[in-house]
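For reference, the chains in residue letters:
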Amino acid sequence: QVQLVESGGGLVQPGGSLGLSCAASGQFFSIKSMGWYRQAPGKQREWVAAITSGGSPNYAVSVEGRFTISRDNVKNTIYLQMNSLKPEDTAVYYCHADIVLWTTGPTNYWGQGTQVTVSS
C-alpha cells in the first residue's frame, strides 16, 4: 500500500514562513516527479510546484521567488518552504507523486491534504 503522508501547515501571519513535508511509504519501484497542489475554498485545485527525480524544480508564477521545493530521494520525501506568505496562499495543500509500482506503470498518488492559513 503506497501512501503519501504530509506534515506541517498551520496558521501564520502575512509575511511569515511555513514548511510542509510529504513522505512516500510502501512498496514501489521508483518515484518520478513529486509536487504540491493547493485548493482554496470555492476554487479549483491548482498546481503549486513540482520537482523531478533529478532535483529540477518548477514553480507556479504565483509562488515563484517565495516558495522553495526540495527533495530527499533517500527518504522519499519532498519539502515545501513557503516564505513571504500572503492571505491568498490560504488553502489546503496536497502532495502529489508519480510513482512507478513493481507490477504496473506510473500511478498518481495524493496525500490527504494539510491546511495552510495566512491571516493576521
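Numbering of residues begins from 1 in every chain and follows the order in which that chain's sequence is written. Given that the model is predicted, a residue must reach a pLDDT of at least 70 before its local features are reported, and side-chain atom pairs must reach 80 or more before they are shown or counted; all residues, however, enter totals for whole chains, interfaces and linings. Computation of side-chain values: all heavy atoms of the structure, hydrogens and water removed.

Caption draft 1: Representation of the environment of alanine 40 within the structure. Structurally, the position occupied by alanine 40 is in the loop between strand 4 (30-39) and strand 5 (46-51). The class for alanine 40 is buried, based on a relative accessible area of 18%. Residues count as neighbours in contact if any of their non-hydrogen atoms are within 4.5 Å of one another. When near neighbours in sequence (up to four residues on either side) are disregarded, alanine 40 contacts Thr90 and Ala91. A helix here means a DSSP run of H or I that spans at least four residues, while a strand means a run of E at least two residues long, and both kinds are numbered starting from the N terminus. Between buried and exposed lies partly exposed: a residue is buried under 20% and exposed over 50% of the maximum accessible area for its type, with that area taken using a 1.4 Å probe on protein chains only.

Caption draft 2: Layout of the nonpolar core. Throughout this description, the term nonpolar core refers to a set of buried Ala, Val, Leu, Ile, Met, Phe, Trp, Tyr and Cys residues connected via side-chain atoms within 4.5 Å. Membership of the largest hydrophobic core comes to 33 residues, with the highest contact counts inside it found for Trp36, Leu80, Met82, Tyr93 and Ile99. For this core, the secondary structure elements donating two or more residues are strand 3 (18-25), strand 4, strand 5, strand 7 (67-72), strand 8 (77-82), strand 9 (91-100) and strand 11 (114-118). The biggest single contributor to this core is strand 9, with five residues. For tyrosine 93, the contacting residues outside a window of four places in its chain are Glu6, Leu20, Trp36, Tyr37, Arg38, Val48, Phe67, Leu80, Met82, Gly113, Thr114 and Val116.

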